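# Summary of the model geometry
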Amino acid sequence: MTESDLQMILEVEQKSFTTPWSYEAFYNELYHNQFAHYLVVEADGKVIGYCGLWVIIDEAHITNIAILPEYRGKRLGEALLKMVMQYAVEHGAETLTLEVRVSNTVAQNLYRKLGFQNGGIRKSYYTDNYEDALVMWVKMV
Ligand SMILES: CC(C)(COP(=O)(O)OP(=O)(O)OC[C@H]1O[C@@H](n2cnc3c(N)ncnc32)[C@H](O)[C@@H]1OP(=O)(O)O)[C@@H](O)C(=O)NCCC(=O)NCCS
């Protein structure tokens, strides 16, 4: 992801999440977070999805993953996540974790398909509706 992608990334973000990140949030990740790596998916000549990753020594954490609604269900999210897992391993990560809303069974299915297991529950993790987060993790190496 580069700064020039951010206009399309904000569209993906706003169509995907109830509390979308701002331009400034992505900008800070790109320029001021030494642990952050952001990868995009392009189709039909435009950015249609992205995934954010923090790699801290041998542990990686997914901050967000999203595909533009009209491009969902075409295995692009799966291809993106597989690429991100490979990228994380190449950057030294052995485990990968993330939080997902307990109600988000679509995303949970994707993560399980790629080997993620259930970890703990973070109570009232999401600030918009105080929904719990399920922590999921996978050992990659
Ligand atoms: C989660 C998300 C990235 C998946 O992307 P996608 O490109 O639509 O998913 P894929 O087509 O690659 O599907 C891969 C797997 O995900 C699961 N999945 C995808 N869509 C699904 C659906 N509608 N119902 C149930 N499972 C689904 C399935 O396990 C699927 O594998 P299968 O096709 O063999 O059944 C996408 O739905 C999205 O952007 N959601 C909104 C943002 C979000 O919730 N992000 C996760 C935050 S933690």
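Residues numbered from 1 in each chain as written. Predicted model: local features only at pLDDT ≥ 70, side-chain atom pairs only at ≥ 80, totals over all residues. Heavy atoms only, no water.

## As for the overall build of the protein chain
Which entries qualify depends on this criterion: Strands here mean DSSP runs of E at least two residues long; helices mean DSSP runs of H or I at least four residues long; both are numbered from the N terminus. Throughout, the radius of gyration refers to the C-alpha atoms, and the reference size of a globule is 2.2 Å times the residue count to the power 0.38. Accessibility here uses a 1.4 Å probe with only protein chains present; expressed as a share of the type maximum, an area under 20% marks a residue as buried, one over 50% as exposed, and anything in between as partly exposed. Here, two residues are considered to be in contact whenever any of their heavy atoms come within 4.5 Å of each other. Per-residue and other accessible areas follow the Shrake-Rupley method at a 1.4 Å probe size, with only the shown protein chains counted as cover for residues. We score Asp and Glu as negative and Lys and Arg as positive, and we do not count His or the chain ends. To locate a charge, take NZ of a lysine, CZ of an arginine, CG of an aspartate or CD of a glutamate.
A count of helices and strands for the protein chain gives four helices and six strands. Ordered by position from N to C terminus, the α and β elements of the protein chain give α-α-β-β-β-α-β-α-β-β. For the protein chain, whose C-alpha radius of gyration is 14 Å, the value lies close to the compact-globule estimate of 14 Å for 141 residues. Considered along the principal axes of its C-alpha atoms, the protein chain spans approximately 35 × 35 × 30 Å. The proportion of buried residues among the 141 residues of the protein chain is 43%. A separation of at least 24 residues holds for 56% of the contacts in the protein chain among residues at least 6 apart in sequence. As displayed, the protein chain offers around 7900 Å² of accessible surface, 51% of which is attributable to carbon and sulfur atoms. Between the centroid of the 12 positive side chains of the protein chain and the centroid of its 18 negative side chains there is a distance of 10 Å.

## Regarding the UniProt feature "domain: N-acetyltransferase" (unreviewed entry) in the protein chain
Just so we agree on the cut-off: UniProt positions are given in the numbering used here, feature names are shortened, and annotations may be inferred rather than shown by experiment.
According to UniProt, the positions carrying the feature "domain: N-acetyltransferase" (unreviewed entry) are residues 1-141. The span residues 1-141 is 32% helical and 34% strand by assignment, and the distance between its end C-alpha atoms comes to 26 Å.

## Focus: the sheet that holds strand 2 (residues 46-56)
Our working rule: One bridge is not enough; two strands pair if DSSP finds at least two bridges between them. What counts as an axis is a line fitted to C-alpha atoms, over the stretch in contact for a helix, and the angles between N-to-C directions run from 0 to 180 degrees.
The strand order across the open sheet formed by six strands is 1-2-3-4-6-5, and the pairing between neighbours is mixed. On the outer flanks of this sheet lie strand 1 (36-43) and strand 5 (117-122), each paired with one strand and no other. In this sheet, adjacent strand axes meet at a mean angle of 25° when their direction is disregarded. As paired strands, strand 4 (residues 95-101) and strand 6 (residues 133-139) are joined by seven bridges and run antiparallel to one another.

## Describing the site of the ligand
As a reminder of what qualifies: Whether a residue is near a molecule or strand is decided by its heavy atoms; if any one of them lies within 4 Å of it, the residue is near. Polar contact is defined as a pair of N or O atoms within 3.5 Å, subject to the rule that within protein one atom must be able to donate a hydrogen and the other to accept it, and that residues adjacent in sequence are counted only when both atoms are side-chain atoms. With a 1 Å grid spanning the protein atoms alone, the term cavity applies to any set of points in which a 1.4 Å probe fits but cannot get out, the term pocket to an open set with protein on both sides within 12 Å along at least five of seven lines, and the term lining residue to any residue with an atom within 4 Å of a point. Throughout, a molecule is located in a cavity or pocket provided that more than half of its atoms lie within 2 Å of its grid points.
The immediate surroundings of the ligand are formed by 21 residues, with Ile 65, Arg 75, Gly 77, Asn 104 and Lys 113 found nearest. Between the ligand and Arg 72 there is a distance of 3.2 Å, counted from an oxygen atom to a side-chain nitrogen or oxygen. Interatomic distance of 3.3 Å between a backbone N/O atom of Lys 74 and an oxygen atom of the ligand. The fraction of the free accessible surface of the ligand (930 Å²) that becomes covered by protein chains is 75%. Here the ligand is seated within the largest pocket. Of all the elements in the fold, those that place two or more residues in the shell around the ligand are strand 3 (59-67), helix 3 (76-90), strand 4 and helix 4 (105-113). When residues of the shell around the ligand are assigned to their parent elements, the largest contribution, six residues, is made by helix 4.

## A look at the side chain of Gln 108
Tracing the backbone through its elements, the reader meets Gln 108 in helix 4. Since its relative accessible area comes to 7%, Gln 108 is described here as buried. Polar side-chain contacts of Gln 108 include one of 3.0 Å to the backbone oxygen of Arg 101. Those residues in contact with Gln 108 that lie beyond four places of it in its chain are Val 100, Arg 101, Val 102, Ser 103, Leu 134 and Met 136.

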